[in-house]
Amino acid sequence: MLESNKESLKLEAMKRIVGLISKGKNASELFPAVVKNVASKNIELKKLVYVYLVRYAEEQQDLALLSISTFQRALKDPNQFIRASALRVLSSIRVPIIVPIMMLAIKEAASDLSPYVRKTSAHAIQKLFSLDPDQKEQLIEVIEKLLKDKSTLVAGSVVVAFEEVCPDRIDLIHKNFRKLCNLLVDVEEWGQVVIINMLTRYARTQFTSPWREDAMFDENNEKAFYDSDSEEKKGQADVKTYIMDPDHRLLLRNTKPLLQSRNTAVVMAVAQLYWHLAPKHEVSIVTKSLVRLLRSHREVQYVVLQNIATMSIQRKGMFEPYMKSFYVRSTDSTHIKTLKLEILTNLANEANISTILREFQTYVKSQDKAFAAATIQAIGRCATNISEVTDTCLNGLVLLLSNRDESVVAESVVVIKKLLQTQPNQHSDIISHMAKLFDNITVPMARASILWLMGEYCERVPKIAPDVLRKMAKTFTVEEDIVKLQTVNLAAKLFLTNSKQTKLLTQYILNLGKYDQNYDIRDRTRFIRQLIVPSEKSSTLNKYARRILLASKPAPVLESAFKDRDRFQLGTLSHSLNIKTSGYQELSEWPAVAPDPSVRNVEVIEPVKEWAPSVGKAKQSKSEDKFYSDDEEKEENASDSSSSDDSDSSSSSSEESGSESEEESNEESEKTSSDSGKSSSESETEPKNNSKKATRKKKPADSDSDESDSKASSSSAESSSSSVSDSDDDSEPPAPQKKSNVKARPKVEVKSKKEVSLLDLDDFSPAPMNAPKPSVFSPSLLSDLEGLSLSNVSSAMQVTTPSFGPMKTFELLHHMTGKGLSAKYHFPRQPCLYQPSMVSVQVILTNGSDHTLEEIHVGDRSPASLHIHCFNTIERLEPRASVTVSMGIDFSDSTQAANFQLCTKEDQFSVSIQPAVGELLMPSTMTEADFCKEQKKLLGMNETSATITMTTANTSSQTINKQVLSVANVGVAPSSQNNFHRFAGRTVSSGALVLVSLELKESSSALLTINTEKSIMASMLLQDLKQALTEA
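Residues numbered from 1 in each chain as written. Predicted model: local features only at pLDDT ≥ 70, side-chain atom pairs only at ≥ 80, totals over all residues. Heavy atoms only, no water.

**A look at the packing of helix α25 (residues 444-456) against helix α26 (residues 464-475)**
Consideration 1: Axis separation between α25 and α26 bottoms out at 10 Å; the angle between their running directions is 140 degrees. Taken together, α25 and α26 sit at an angle that is classed as oblique. The hand of the α25/α26 crossing is left-handed. In this structure, α25 uses R447, L451 and M454 to contact α26, whose residues at the interface are I464, A465, V468, M472 and T475. (Axes fitted to C-alpha atoms, helices over the stretch in contact; angles between N-to-C directions. Helix = DSSP H or I, 4+ residues; strand = E, 2+ residues; numbered from the N terminus. Parallel < 35°, antiparallel > 145°, perpendicular 65-115°, else oblique. Left-handed = near helix turned anticlockwise from the far one by under 90°. Contact = heavy atoms within 4.5 Å.)

Printed below as a string of structure tokens:
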């Protein structure tokens, strides 16, 4: 086909070849046949040939060189894509002999009228530099020229070339700094990442540190009208005010909008810029954006969590309000769980330690052994960092020693050993307890830790330590090396403190160690023997044996693994790996005195001044007409606002599109050049206009600019709202303090008219900061940690599926009202798949008409804050057909009806789902002891009870269970007494515990009691249960 004379066959063949390349197949054998078509006049065919040549030019260099004259001719082609493709192929032929040709082509392309070709020349600079580094000086001249380019298409690519060729030449950035800051919003996403990282390094060399403790942020830097010089001098003598450089502020201001970017790399780049450059009180604005990224893929989560872990060590307050976002989910992978655990540990303080330890209590029971072990280490870190809970954590860890899981026991022993070193005098009973469990522990590290404790504190357990040594002497030969080493140490310490009982044992163990297979154990044994056993050779060393072996040792410091990572720039590969990788450029320290800021001033270009008057006259005449004619003024306002809207829409669409066509790029270059000329001419003629008609023109001009600004902001807000609406379905219920924001937030609506910013998402609403800090810790903290054991007994926290599920169907829409469409719903009492806080509802839609119904979907809902996960639009529903769909509704633990519209293509019907209070619960299982313990916590105002008279038929256990479960979705709790019936559940939305108990008394009377924090739900549930149990 490639040898054919028909262009159509050649084009089809090239499409197939490029298709093979895209699938990873090797098509290099076709190179000679393809390269013949490089001179084809068909533009589409030539593009495909160039795509092929870019891929294989490096492998088939000799054949590619034969057609180099064709590439040189193509560099003059009128089509910008052909010129760019030719340059791309030319730079892909990695043969030193054509370096001069490539250099000439790059220089010509850098002056090309098309921004797309100039962008390609910036990419070619990197390839040429890697081929021949000696061309660096000439390439720097091209880079300097391209840095002055005003096209957003070129900016990102040339900065990549700058970072590759000459990252230390910051003098090239001075004149272009402000232009790059202003172009940043419109540059394509990956270009934004490179520019932000480069500007971060630049700013650290040009501006002074805003982190000084005595800094006062005086950004206006303008004296009041009546301030005297003498007063100013006095103030300077007292406090040296920090004045932020306007260019420093420009960089921070222009990068802030990019926190709303859909690209996670851009958000991460802005976050690291604020972390390294912004004043400390401004860094917190990146918090919401970083937390938003935790909804992304696990790879993104991993990198973001690593950076948050580093940030949270230095500034806990940034992420403390969003602590719930770092709770571990069952679907998280182990490395994500470990990072969240690290962050929670970093955020722990006296105020929230109770909540965090309750969370850790659940994590210890995880089936993921590595995660459970990491949780125990985290508990140990909390215990050392917060002295008030040290004893509580220690007691909880001791309870874990009786666990069935060896890895949990082993980790607990290791952590207890470290905690005991902080205050050994008070915990001799714990050491004794660990000695009793020694025989059951098989993990080498745990056994070694217990032996170390025995030896270190052998004087506090004088009766137990020799017995442990006796047991170890029996099993010494089969132990692991680490256990043998600690056994030798234990023998030496006991020999020094209790030689009467342990002298023979010590000699026996030293003899065993003398002939061990491991040379470490043999060397240790030899050393210990010379140290503790008196002899002629070691008489001087023997005097210091006690001071050497029994010296007081400092307690270990349990630190975060991320403590030293702040030496690397956030978001870099070096930070992620915690080692310096090749190509990493360190951030320089802030200069003590800022370099001269005038180097960033740009001189005004003379030709613009000569060209300005003609445009100025036209502008002036237009403004005078506007002054005399109201009609023309309105028309001008309309045209201005429409042009501003057009420019907004074009900039937003350019960010989303990956490539541009030839016509679009040409139009863009013409538009940017004309706009720049227009703006410069306006700036020149503005003083003239103001001098003539200053007082009368001021108001129209101001209103004009305000109007365009407001429209621009509203259009950008609307564009961001579409991306928010998808993610808001998974949001958590908002805090009650933000009711105004909740109403303005569109949830699952298809067409949203509200203004929504990604930085203002309410599902990350911070916890109220004015909550009083408890001076004394919760007395239930110890009891909470007592549940740390991993026994098979179900905890009070465990949620199960219902044991009884009565299907009560309710009518949602009658077929007469719905013009043939009828709908019924029921509560399946299954966990909602869309969000845990939602109640699952199944809706049965039936078409009772004789015609097909189309586009059945959920429309507007009331109230606006209602969280509904709608079913997908049903495109067609045939006559007499029915379909069952699932919905999720967050009722927020309220029986308030969920009102929404059920829509078809032609009609809309208002419907309402009213939940029974019992359907707002999910069942829990717990032991009788757990039930009684939780019930004691929910007394007083949290208890609602009533005495009821039951019919004789309802007094049997089976009937009572059936009646209660028909009303409420709760679980049956075991009871040792026949006259007691207990049920437990949790509210779906908030997870509040609901305990129901029924005590049967004489003469068919019974006491019905409900314990829960939700008092309104309790009273409603009491009425429903009372009615169910008393009816015949």
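**Quick word on the pattern of salt bridges**
Consideration 1: Per the stated rule, a full pass over the model turns up 28 salt bridges.
Consideration 2: With a shortest N-O distance of 2.8 Å, E282 and R249 are connected by a salt bridge. Of this pair, E282 sits in the loop between α15 (264-277) and α16 (287-292) while R249 sits in helix α14 (residues 246-255), and the two are 33 residues apart along the sequence. For the residue pair E282 and R249, the accessibility class agrees, reading buried in each case.
Consideration 3: With a closest N to O distance of 3.4 Å, E854 and K905 form a salt bridge. Here the residue E854 occupies a position in strand β4 (residues 853-862), and K905 occupies one in the loop between β8 (898-903) and β9 (908-913), the gap between them amounting to 51 residues.
Consideration 4: According to the relative accessible area criterion, E854 is partly exposed, its value standing at 25%.
Consideration 5: The network of salt bridges with shared partners includes R178, D245, D247 and R600. (Salt bridge = Lys/Arg side-chain N within 4 Å of Asp/Glu carboxyl O. Buried < 20%, exposed > 50% of the residue type's maximum accessible area, 1.4 Å probe, protein only.)

**Re helix α21 (residues 369-385)**
Consideration 1: If you check α21, its first and last C-alpha atoms are 25 Å apart, about what 17 residues at 1.5 Å a residue would give, namely 24 Å.
Consideration 2: Of all 17 residues in α21, 12 are buried; the element is thus mostly enclosed.
Consideration 3: All buried positions along α21 are accounted for by F371, A372, A373, A374, T375, I376, A378, I379, G380, R381, C382 and A383.
Consideration 4: Buried residues along α21 sit against α19 (334-347), α20 (353-363), α22 (390-400) and α23 (406-420).
Consideration 5: For α21, the side-chain oxygen to backbone nitrogen distance between the N-cap and A370 is 3.3 Å, and the N-cap itself is D368. (Expected span 1.5 Å × (residues − 1). Polar contact = N/O pair within 3.5 Å; in protein donor to acceptor, adjacent residues only side chain to side chain.)

**Thoughts on the nonpolar core**
Consideration 1: Of all hydrophobic cores here, the largest spans 190 residues; its most connected members are Y52, L53, L290, F326 and F360.
Consideration 2: At 10 residues, α15 tops the list of elements feeding residues into this core.
Consideration 3: By size, the runner-up hydrophobic cluster in this structure holds 57 residues, among which are L812, L853, V996 and A1006. (Core = buried A, V, L, I, M, F, W, Y, C linked by side-chain atoms within 4.5 Å.)

**Quick word on unusual backbone geometry**
Consideration 1: Despite not being glycine, R829 shows a phi value in the positive range, around 55 degrees.
Consideration 2: The backbone of D893 sits at a positive phi, close to 55 degrees, despite the residue not being glycine.
Consideration 3: Residue placement: D893 occurs in the loop between β7 (882-890) and β8.
Consideration 4: With relative accessibility at 11%, the residue D893 sits in the buried group.

**Some details on the packing of aromatic side chains**
Consideration 1: One pass over the full model with this rule turns up 13 aromatic pairs.
Consideration 2: On the numbers, 5.6 Å between centres and 80 degrees between planes, the contact of W211 with W590 is edge-to-face. Remark: W590 occurs in the loop between α32 (573-577) and α33 (606-628) and W211 occurs in the loop between α12 (189-206) and α13 (229-238); sequence separation between them is 379 residues.
Consideration 3: Taken together, the ring pairs connect F177, Y202 and F207 into an aromatic cluster.
Consideration 4: Above the plane of the ring of Y56 lies R55, whose end atom (NZ or CZ) is 4.6 Å from the centre.
Consideration 5: Across from the ring centre of W275, 4.4 Å away, lies the NZ or CZ of R315, which sits over that ring. (Phe/Tyr/Trp six-rings, centres within 6.5 Å; stacked < 30°, edge-to-face > 60°. Lys NZ or Arg CZ within 6 Å of the ring centre and 35° of its normal.)

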